[in-house]
Amino acid sequence: MTMTLDIIIAGGGRVGFETAALLDTRGHDVTVVESDGDRCDAMADEYVATIIRGDASNPDILRQADVAGSDVIAGLTGLPGLNLAICMEAAELNPEIRTVARITERDQEGYERFVGETVFPEGAGARVAANEIEGSDVRTLADVTGTLDIMEIRVEEGAPAAGKALRDVRFPAGTLVISDDDGERVARPETTLAPGKRYVIAVEPDVADEVMNLLRG
Amino acid sequence: MIGMGAMIGAGIFVLTGLAAEIAGPAAILVFALNGVVTAFTGLSYAELAASIPKSGGGYAFVREVFADLPSFVMGWMLWFAYMIAGGLYALGFAPNFLELLHVYDLTPAPDQVGAVALPVVDAAVPAAVGLAFVAVLGLVVLNAISTAASGSVETIFTLIKVSILVVFVAFGATSPMFTSAEFQPLFADGGGPLSILPAMGLTFIAFEGYDLITTVTEEVKNPRENIPKAIFVSLAVTVVVYLAVVSVAVGTLGADGLAAAGEAGIAQAATEFMPTGLPVIRNGGAIIVFGAVFSTLTALNAVVIASSRVAFSMGREDQLLPSFGQLHHRYGTPFVAILASGVVMLGSVALPTQSAGNMSSLFFLLSFIVVNGSVIKLRRERPDMNRPYKMPYYPIPPVLGIVLNLILTGVLVEYLLRTDVLALGLSAGWIALGVVAYAVYTRLGADESASKPTGADETAPQTDD
């Protein structure tokens, strides 16, 4: 069963902060580690995460961020070497933790021995930019919606809505289930939310955590 | 606003009479001193709420700081405190509702319907208890099948309550009864100054609103300034309103009269001095009585939500059965958490009002101690945590908070030993039950996770290869 994840994000810059904000709307507990005081204050005003001020590669700071009790750590600073170091250090302190490191080049193969996942924000950003530049009037929705989030969510076994027909589930206002399982048909009232299957769902940010609760438990 | 709503509303209507019963006219002092004691805890709440952006109140903060068992006990206590508070408000609602009916001559005077608080069995007691039961049941069902009323409604409710109390104070302070008021002897017979201590313990529940404020902080804009402000403003307003209302009530009805009226004390005081013969409402006191009914009901609603939210958070954190942490697929509400809270609340309606107040206060005292402790622990263990609001003169306020709350806890326990062993036993029983449940649950949980691979497959699909 999925409960709220405890997540540490090292680096509270644009990437780190946006990630933290997104995870917060999905109902997770986020701690951000950031060394710059002004950034810390700015983030505190947004009120999405607990903030530790300091250098994330310092073991004492990592301990204060509660590595031992966290499920995931993501090194999202602009420095791939630092991200790698943070992830490896965290894995040393807590072998159970999942690690995600931000890298700055397309080639990611070299990192896979050391971290669980890599992210390459520039790559994602480039796709969006290319879409904009092309200026096509019709395009797929990844990364181009405003605050509306269009997600593919796998229904968890034992979640409140698992195995229920769509018409029997009251999603909060601001939710739209778009696809049938496996994305081959548009969802209908009799569509059943089968556990293990994935569904495309549009969600407004303020109800994201409720939707996650219904589908993931 | 939600915190103020709960702090100002029901506590004052329900508890004033009971405080007067124990402490005499010194009930005024009781509320003032409680305000001082809770101010220290208020500082702790402000610091925690500003630096930990979680809506979940005391439990969420303690969960952040302490290991599994202590945070479980904290949540368990807080959950209970809210549930019993629900029973208390329901019990306060009933006699006030009867008084309201009485004002319109629909029923005999409440004192003929029975001194509800006392476990003396006369035919009328079931009427009030039944009424309380119905009130709890109604609100639980309402909350279980539909999502809660929005914050703006809560604000309007609070304004209505405050205006009603202002009317009460204005009429009371200018009435002839008040000008000849007797505040002597200040202390109840034979009690002396120490008699205010148990009364402080009893009425402590009136300040539970802190925790409520911090349960809704997610919607706050600019928390660095606004959360501490919300906490201190509501504390100040609450204390001022309480002092004014209690002074007037004691001044007009007298401590003995107030004590005799019990949970309907304020309402009774009001009917004494409010103008009569008005059109439609007939009797000015009806406004106040209506206020009491209204306040107890809204407060009851607030604690139904608050208690279920604590249970819900505990379910989310895997400290209660996961079903507590899940929304109901058809109603979109934390159905199991609300129902479970409702069951205990319904049970607590059978308690005498005093016991309910005592138990709820006891648990709030204990949880406030833990909250103060977690400020200290957090400062020591995570010195580099960003704290948008830092309390002044650390560590004096949390230490004082702990010491004062401990003293009150001690006094309350001692008082309960003498007068209300039932409440004490039930409280101890609840904690014992919690520890046993926790042991069983973690044992089961450990077996389950040992036989199952850890769920690593919850990445959002975008990050999948």
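What counts, and where the lines are drawn
- Residues numbered from 1 in each chain as written.
- Chains lettered and ligands numbered in written order.
- Predicted model: local features only at pLDDT ≥ 70, side-chain atom pairs only at ≥ 80, totals over all residues.
- Heavy atoms only, no water.
- Helix = DSSP H or I, 4+ residues; strand = E, 2+ residues; numbered from the N terminus.
- Rg over C-alpha atoms; globule rule 2.2 N^0.38 Å.
- Buried < 20%, exposed > 50% of the residue type's maximum accessible area, 1.4 Å probe, protein only.
- Contact = heavy atoms within 4.5 Å.
- Areas by Shrake-Rupley, 256 points an atom, 1.4 Å probe, with all protein chains shown as cover.
- Lys, Arg positive; Asp, Glu negative; His and termini not counted.
- Charge placed at Lys NZ, Arg CZ, Asp CG, Glu CD.
- Salt bridge = Lys/Arg side-chain N within 4 Å of Asp/Glu carboxyl O.
- Polar contact = N/O pair within 3.5 Å; in protein donor to acceptor, adjacent residues only side chain to side chain.
- 1 Å grid on protein atoms, 1.4 Å probe; cavity = no way out; pocket = protein on both sides within 12 Å on 5 of 7 lines; lining within 4 Å.
- Points joined across faces, edges and corners; volume = space filled by probe spheres on them.
- Pairing = 2+ DSSP bridges.
- Axes fitted to C-alpha atoms, helices over the stretch in contact; angles between N-to-C directions.
- Phe/Tyr/Trp six-rings, centres within 6.5 Å; stacked < 30°, edge-to-face > 60°.
- Lys NZ or Arg CZ within 6 Å of the ring centre and 35° of its normal.
- Expected span 1.5 Å × (residues − 1).
- Left-handed = near helix turned anticlockwise from the far one by under 90°.
- Nonpolar A, V, L, I, M, F, W, Y, C, P; charged D, E, K, R; others polar.
- pLDDT = per-residue confidence, 0-100.
- Domains from an automatic or database assignment.
- Buried area = accessible area lost by both parts, 1.4 Å probe.

Chemist: Explain the overall build of chain A to me, please; I cannot follow it from the model alone.
Modeler: Helix and strand content of chain A: six helices and nine strands. What you see for chain A is a C-alpha radius of gyration of 19 Å, in line with the 17 Å of a compact globule of 217 residues. Overall, the C-alpha framework of chain A stretches about 55 × 45 × 35 Å when taken along its three principal axes. In chain A, which comprises 217 residues, the proportion classed as buried is 46%. Contacts in chain A between residues far apart in sequence, at least 24 positions, make up 56% of those at least 6 positions apart. For chain A, the exposed surface amounts to about 10600 Å²; the carbon and sulfur share of it is 49%. Each charge sign in chain A was given a centre, from 20 positive and 41 negative side chains, and these centres are 5 Å apart.

Chemist: Is there a simple way to think about the pattern of salt bridges in this case?
Modeler: Pairs may arise between side chains of opposite charge once their charged atoms sit close together. For the coordinates displayed, the defined rule picks out twelve salt bridges over all chains. Note that R185(A) is salt-bridged to D180(A), the shortest N-O span being 3.9 Å. Using a relative accessible area of 48% as the deciding quantity, one classes R185(A) as partly exposed. Here E47(B) makes a salt bridge to R379(B), at a shortest N to O gap of 2.7 Å. Residue E47(B) is located in helix α2 (residues 27-51), and its partner R379(B) is located in helix α15 (residues 353-381); the two are separated by 332 residues in the primary sequence. In this structure, E47(B) and R379(B) share a single accessibility class: buried.

Chemist: Would you mind showing me how to read the side chain of S360(B) here?
Modeler: Residue and element names in this part refer to chain B. Of note, S360 is situated in helix α15. Assessed through its relative accessible area of 0%, S360 is described here as buried. In terms of polar contacts, S360 uses its side chain to reach the backbone carbonyl oxygen of A81, at 2.9 Å. Not counting residues up to four positions away in its chain, the partners in contact with S360 are A81, I84, A85 and I205.

Chemist: How should I be thinking about empty space enclosed by the protein in this particular structure?
Modeler: Picture a little ball the size of a water molecule; that probe, rolled over the atoms, points out where space is still empty. As enumerated under the stated definition, the model contains one cavity of 30 Å³ or more in all. The volume enclosed by the largest cavity comes to roughly 40 Å³.

Chemist: Even after reading the chapter, I still don't get the sheet that holds strand β6 (residues 117-119) of chain A, so can you show me in this structure?
Modeler: Backbone-to-backbone hydrogen bonds pair the strands of a sheet. The strands run either parallel or antiparallel. Residues and elements named next belong to chain A. Strand order in the open sheet made by the six strands is β3-β2-β1-β4-β5-β6, with parallel pairing throughout. Across the chains shown, the open sheet's two edge strands, defined by having one partner strand only, are β3 (50-53) and β6. On average, each strand axis in the sheet is tilted by 20° relative to the strand beside it, whichever way the strands run. Of the strand pairs in this sheet, strand β5 (residues 98-102) and β6 are connected by three bridges, and their pairing is parallel. Bridging across to β6, R102 finds its partner in V119. Where helix α4 (residues 80-93) meets the sheet, it contacts β1 (6-10), β4 (72-75) and β5, and its direction lies at approximately 175° from that of β5.

Chemist: Just to check I follow, could you spell out the packing of aromatic side chains for this structure?
Modeler: Aromatic ring pairs: the centre-centre distance and the angle between the two ring planes describe each pair. All names here are of chain B. Inspection of every chain in the model, using the stated rule, returns 14 aromatic pairs over all chains. Ring centres of F80 and W430 lie 4.4 Å apart, and the angle between their planes is 20°; on these two criteria the pair is classed as stacked. Taken together, the positions of F80 in helix α4 (residues 68-103) and W430 in helix α17 (residues 421-451) put the pair 350 residues apart, joining distant regions of the chain. Look at W430 and you get buried, because its relative accessible area is 10%. Through a chain of ring-to-ring contacts, three or more aromatic side chains come together here, namely F72, W76, W79, F80, F324, F363, W430 and Y438. Stacked on the ring of Y394, the Lys or Arg R379 has its end atom at 4.2 Å from the ring centre.

Chemist: I keep staring at α15(B) and nothing clicks. Help me out?
Modeler: Each α-helix turn comprises 3.6 residues. Residues three or four places apart therefore point the same way. Compared with the 42 Å implied by 1.5 Å per residue over 29 residues, the 42 Å span of α15(B) between its first and last C-alpha is a close match. Across the 29 residues that make up α15(B), a large majority, 24, are buried.

Chemist: Would you explain the packing of helix α3 (residues 57-65) of chain B against α15(B) in this entry?
Modeler: How two helices pack is summed up by the angle between their axes together with the distance between the axes. Residues and elements named next belong to chain B. Running from amino to carboxyl end, α3 crosses α15 at an angle of 35°, the nearest separation of the two axes being 9 Å. Crossing handedness for the pair α3 and α15: left-handed. Where α3 approaches α15, its residues G58, V62 and V65 are matched on the opposing element by V370, V371, S374, K377, L378 and E381. By residue class, the composition of the contact of α3 with α15 is five nonpolar, two polar and two charged.

Chemist: Any chance you could explain the environment of L253(B) here in plain terms?
Modeler: Residues and elements named next belong to chain B. The residue L253 is located in helix α11 (residues 223-261) in this model. You can call L253 buried: its relative accessible area is 19%. With 81 residues separating them in the primary sequence, L253 and G172 have C-alpha atoms 9.9 Å apart.

Chemist: Whenever I open this one, helix α6 (residues 208-216) of chain A confuses me. Can you help?
Modeler: Residue and element names in this part refer to chain A. Taken across its nine residues, α6 has seven buried, putting it largely inside the fold. Three or more residues of α6 are buried, namely A208, V211, M212, N213, L214, L215 and R216. Just beyond α6, the residue with positive phi is G217, at close to 90°.

Chemist: I'm lost on the confidence of the model for chain A in this one. Help?
Modeler: Regions with low pLDDT should not have their predicted coordinates read in detail. This prediction gives chain A a mean pLDDT of 85; 94% of its residues lie at or above 70. The secondary structure element of chain A with the lowest average pLDDT is helix α5 (residues 121-134) of chain A, at 81, and the one with the highest is β4(A), at 94.

Chemist: Help me understand the domain arrangement of chain A in this model?
Modeler: Quite often, the size of an interface is put as the accessible area lost when its parts meet. Residues and elements named next belong to chain A. With domains assigned, chain A is organised as domain 1 (6-120) and domain 2 (136-216). Computed over C-alpha atoms, the centres of domain 1 and domain 2 are 28 Å apart. The interface is formed by four residues belonging to domain 1 together with six residues belonging to domain 2. Around 390 Å² of area is buried between domain 1 and domain 2 when both sides are counted, 59% of it from carbon and sulfur atoms. Counting across the domain 1 and domain 2 interface gives one salt bridge. A salt bridge links D149 to R26; its shortest N-O distance comes to 3.1 Å.

Chemist: Explanation requested: the environment of V336(B) in the structure shown.
Modeler: Residues and elements named next belong to chain B. Structurally, V336 can be placed in helix α14 (residues 335-348). Using a relative accessible area of 32% as the deciding quantity, one classes V336 as partly exposed. A C-alpha to C-alpha distance of 16 Å links V336 and G75, two positions 261 residues apart in sequence. Residues within four places of V336 in sequence aside, it is in contact with S323 and F324.

Chemist: Explanation requested: the environment of A306(B) in the structure shown.
Modeler: Residue and element names in this part refer to chain B. Structurally, A306 is set in helix α13 (residues 285-316). Put simply, A306 and V233 are 73 residues apart on the chain and 21 Å apart in space, counted from C-alpha to C-alpha. Excluding residues within four positions of it along the chain, A306 makes contact with Y82 and L212.

Chemist: Help me understand the sheet that holds strand β7 (residues 149-154) of chain A, please; the structure alone is not making it clear to me.
Modeler: Residues and elements named next belong to chain A. Across the sheet, three strands lie side by side as β7-β9-β8; this open sheet has antiparallel pairing. The open sheet is flanked by β7 and β8 (175-177), the only strands paired with a single partner. Averaged over all pairs of adjacent strands, the angle between strand axes in this sheet comes to 30°, irrespective of strand direction. Across six bridges, the pairing between β7 and strand β9 (residues 198-203) is antiparallel. Among the inter-strand pairings, I150 is bridged to a residue of β9, identified as A202. Contacts from α6 reach β7, β8 and β9, with the element oriented near 15° to β7.

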